[in-house]
Amino acid sequence: MTGALDGTAVIVTGATGGIGAAVARLVAADGAAVHAVDLDPGRLDDLVADLPGAGHRAVPADLRDLRSHEVLLDGVRAAGRPLTGLAHLAAVLRRRHRLEDVTEDDWDLQIDTNLKATFFLNRAVGLFLAGQGRGGSIVNLSSQGWWTGGLGGSVVYNAAKGAVVSMTRGLARTLAADRVRVNTVAPGFIDTAMMRGGLSEEALAASVAQVPLGRLGTPEEVADAVAYLLRPGAAYVTGATLNVSGGQLMY
């Protein structure tokens, strides 16, 4: 345990996913109380029970429902520890390998989850952090596809992720006066259920072949980048997009 976040609280959304669970474990090891947000109450309870430290809380919520954002923050207030950050990792990918197969429902699901919910939750948390007078950190999850446009039937997903990068920069400028930092982590090909979903072994191997370091990344490697941006050591970093892609994306 580093103790870098001792005495504080961090919200982690998408907390039962591969990257989300790794982030939750790491910030808990840093001393934070984790408000773990996801859809499945059972999986959330299992995650929270395994986290090191104390004060953790499972929050089942569909973040597309904007009313859930205030319910979440009401729970943070009631728990007592000052909020120091948000790791917003909740996302959904619905692959459609042919453009003509993309439906309006596909679009709405991915844009509402990956962009609309991101903006409104960032706004709610950013204003909450500003109101505490302590500053804080918001970390959004994008994708290497924000730059490349995406592969493997993920055009709509990456349209949203590109918007998240632009939105993060705007929020970083807007909230800077209140010492609220807003950054993005952009993973490449990470070994998660989302990455493997809907891809054949051949397609997966072709994806890995594009990575100069020659392998899939791990959720823990992305979690390290997220945790860095949440910690006080990143106090002079805002509006940044931290690329964690094994060299697949270089800029």
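These numbers come from a predicted model, not from an experiment.

Analysis parameters
- The numbering scheme is per chain: residues are counted from 1 as the chain's sequence reads.
- For this predicted model, a pLDDT threshold of at least 70 governs which residues receive local features, and a threshold of 80 or more governs which side-chain atom pairs are given and counted, while totals over whole chains, interfaces and linings are taken from all residues.
- Remark: hydrogens and water are excluded; side-chain values derive from all non-hydrogen atoms of the structure.
- Helix and strand assignments follow DSSP, with helices taken as H or I runs no shorter than four residues and strands as E runs no shorter than two, numbered in order from the N terminus.
- Multiply 1.5 Å by the residue count of a helix minus one, and that product is the helix's expected span.
- Throughout, exposure labels follow a simple rule: accessible area from a 1.4 Å probe, protein chains only, divided by the maximum for the residue type, with under 20% read as buried, over 50% as exposed, and the rest as partly exposed.
- In what follows, residue pairs with any heavy atoms lying within 4.5 Å of each other are defined as contacts.
- A side-chain nitrogen of Lys or Arg and a carboxyl oxygen of Asp or Glu constitute a salt bridge if their distance falls within 4 Å.
- For two strands to count as paired, DSSP must find a minimum of two bridges between them.
- Inter-axis angles, ranging from 0 to 180 degrees, are taken between N-to-C directions of lines fitted to C-alpha atoms, where helices are fitted over the stretch in contact.

Draft legend 1. Representation of helix α9 (residues 219-230) within the structure. Between its first and last C-alpha, α9 extends 17 Å over 12 residues, near the 16 Å set by a 1.5 Å rise per residue. Restricting attention to buried positions, one finds in α9 the residues P219, V222, A223, A225, V226, A227, L229 and L230. Next to the buried residues of α9 lie β1 (9-13), α1 (18-29), β4 (83-88), β5 (136-141), β6 (180-187) and β7 (241-244).

Draft legend 2. Up close: the pattern of salt bridges. A full pass over the atoms with the stated rule returns 11 salt bridges. The shortest N-O distance in the salt bridge between R94 and D106 comes to 2.8 Å. Here the residue R94 occupies a position in the loop between β4 and α4 (104-132), and D106 occupies one in helix α4, the gap between them amounting to 12 residues. By relative accessible area, R94 is classed as partly exposed at 26%. The residue R98 makes a salt bridge to D101 at a minimum N-O spacing of 3.0 Å.

Draft legend 3. Examining the sheet that holds strand β2 (residues 33-38) more closely. Across the sheet, 7 strands lie side by side as β3-β2-β1-β4-β5-β6-β7; this open sheet has parallel pairing. Among the strands making up the open sheet, the edge pair consists of β3 (57-60) and β7. Along the sheet, successive strands turn relative to each other by an average axial angle of 20°, direction set aside. As paired strands, β2 and β3 are joined by 4 bridges and run parallel to one another. Looking at β3, one finds that V37 is bridged to V59. Contacts between helix α2 (residues 41-50) and the sheet are confined to β2 and β3, with β3 contributing the most and set at about 165° to the helix. Set on the sheet, helix α6 (residues 155-175) makes contact with β5, β6 and β7; between it and β6 the angle comes to about 160°.

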